[in-house]
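# An overview of the molecular structure
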Amino acid sequence: FVGIGNPSGLKENSNELSNLLGSFSFNEIFQNNNTLQRGVNIRAIEEMPALPGTEKELRAIASFFNSDNTKLLLQKDASEIVVKKEDLSNTKYIAFSTHAVVAGEMRGVDEPGIILTPPESASKENDGLLTASEIMNLDLNAELVILSACNTGSGMTASSEGLTGLTKSFFYAGANQLIISNWRVTDKYASRLTTNMIKHLTNENTTTAQALQVSINKLIEENLHPIFWGPFMLVGDGI
């Protein structure tokens, strides 16, 4: 298992909205900042709320695996440079727990991406955004990739169909199955869903779909509104 999340360099924010993985208007931050016409504006990324809860989520998931077979890329290590250099070709389970943006949400970027630790200055290889096209170049052979972030099932462009953006990119890179979200999610319930799913998946003789169903049902039993558990979806082989 490899877990990637809680990128450093984001804005510490005590406001409860920081618990939502994309609760505020990214569009307002990005489009109103005219300091960069093309490419990723790392100053805008730094205005996103920090997500310390995502580190707790990844550590909880990692606890279900042998420590010799787990690796967590957190805070400064949750960067494009580190992720791109990491050998993920023999990793069975991979989880990204952070912010994500849809196509057109960032000025000068016309594809979806995953927010990672922003560098002090942007370069082509490291600008704080792991885009769909960059994900295609990863060498994966994962049974399951968990995208615990907002709107990860969106399309490659603002006008394209869903499941053509990050989803297609991870499949192209070598993932067999993906857990994605179809709208904005809270880190509290995203964490509970993914953690319980992995717990059931690793402790029981079950499929990923069955493990996800059990985890969702636990939230339903608490009479939670579907907005909290409804966005999560399993796509790929072996469902």
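In this text, all values refer to a predicted model and were calculated from it rather than measured experimentally.

## Details of the packing of aromatic side chains
Each pair of aromatic rings is reported with the distance of its centres and the angle of its planes. Counted under the stated rule, the structure contains four aromatic pairs. Ring geometry for phenylalanine 1 versus phenylalanine 65: centroids 5.3 Å apart, planes at 5°, classification stacked. You can see phenylalanine 1 sitting in the segment before β1 (2–7) and its partner phenylalanine 65 sitting in the loop between α3 (52–62) and β2 (71–75), a full 64 residues away along the chain. Phenylalanine 65 carries the same exposure label as phenylalanine 1, and that label is buried. Aromatic rings pair up to connect Phe1, Phe65 and Tyr93 into one cluster.

## A short note on the packing of α3 against helix α7 (residues 187–203)
At their nearest, the axes of α3 and α7 sit 9 Å apart, and the two run at 5° to each other. Judged on the interaxial angle alone, α7 and α3 are roughly parallel. Every residue of α7 that contacts α3 at Gly53, Glu57, Ala60 and Ile61 is listed here: Asp187, Ala190, Ser191, Thr194, Thr195 and Ile198. Split into classes, the residues belonging to the contact of α3 with α7 amount to four nonpolar, four polar and two charged.

## Quick word on the nonpolar core
Within the largest apolar cluster, 27 residues are counted, with the highest numbers of intra-cluster contacts made by Phe1, Leu144, Ile146, Ile179, Met197, Ile198 and Leu212. Those elements giving two or more residues to this core turn out to be α3, β3 (93–97), β7 (144–148), α7, α8 (208–220) and β9 (232–236). Per element, the largest residue contribution to this core is six residues, and it comes from α7. Not counting residues up to four positions away in its chain, the partners in contact with isoleucine 179 are Leu144, Val145, Ile146, Leu147, Met197, Leu212, Phe232, Met233 and Leu234. With 25 residues, the next largest nonpolar core counts Ala78, Ala132, Ile135 and Leu178 among its residues.

## Side note on the confidence of the model for the protein
Looking at the protein as a whole, the pLDDT averages 83, with 83% of positions reaching at least 70. At the level of individual helices and strands, the protein shows its lowest average pLDDT in helix α1 (residues 26–31), which scores 44, and its highest in β2, which scores 98. Predicted confidence for residues 16–38 stays below pLDDT 50, and this span has 59 contacts to residues more than four positions away or in other chains.

## As for the environment of alanine 175
Here alanine 175 is to be found in the loop between α6 (166–173) and β8 (177–181). The exposure class assigned to alanine 175 is buried, which follows from its relative accessible area of 6%. Taking the C-alpha atoms as reference points, alanine 175 and glutamate 143, 32 residues apart in sequence, are found 6.1 Å from one another. Discounting residues that sit within four places of it in the chain, alanine 175 has contacts with Leu140, Ala142, Val145 and Phe170.

## Concerning the environment of alanine 100
With respect to the element layout, alanine 100 can be found in strand β4 (residues 100–101). Between the alpha carbons of alanine 100 and leucine 130 there is a distance of 9.3 Å; along the sequence they are 30 residues apart.

## Points about the sheet that holds strand β5 (residues 113–115)
An order of β4-β5-β6 is seen for the three strands of this open sheet, with the pairing classed as antiparallel. Each edge of the sheet is formed by a strand with only one pairing partner; in this case those strands are β4 and β6 (129–131). Pairing analysis gives three bridges linking β5 to β6, with the strands arranged antiparallel. What sits directly across from isoleucine 115, in β6, is leucine 129.

Scoring rules and cut-offs
Residues numbered from 1 in each chain as written. Predicted model: local features only at pLDDT ≥ 70, side-chain atom pairs only at ≥ 80, totals over all residues. Heavy atoms only, no water. Phe/Tyr/Trp six-rings, centres within 6.5 Å; stacked < 30°, edge-to-face > 60°. Helix = DSSP H or I, 4+ residues; strand = E, 2+ residues; numbered from the N terminus. Buried < 20%, exposed > 50% of the residue type's maximum accessible area, 1.4 Å probe, protein only. Axes fitted to C-alpha atoms, helices over the stretch in contact; angles between N-to-C directions. Parallel < 35°, antiparallel > 145°, perpendicular 65-115°, else oblique. Contact = heavy atoms within 4.5 Å. Nonpolar A, V, L, I, M, F, W, Y, C, P; charged D, E, K, R; others polar. Core = buried A, V, L, I, M, F, W, Y, C linked by side-chain atoms within 4.5 Å. pLDDT = per-residue confidence, 0-100. Pairing = 2+ DSSP bridges.

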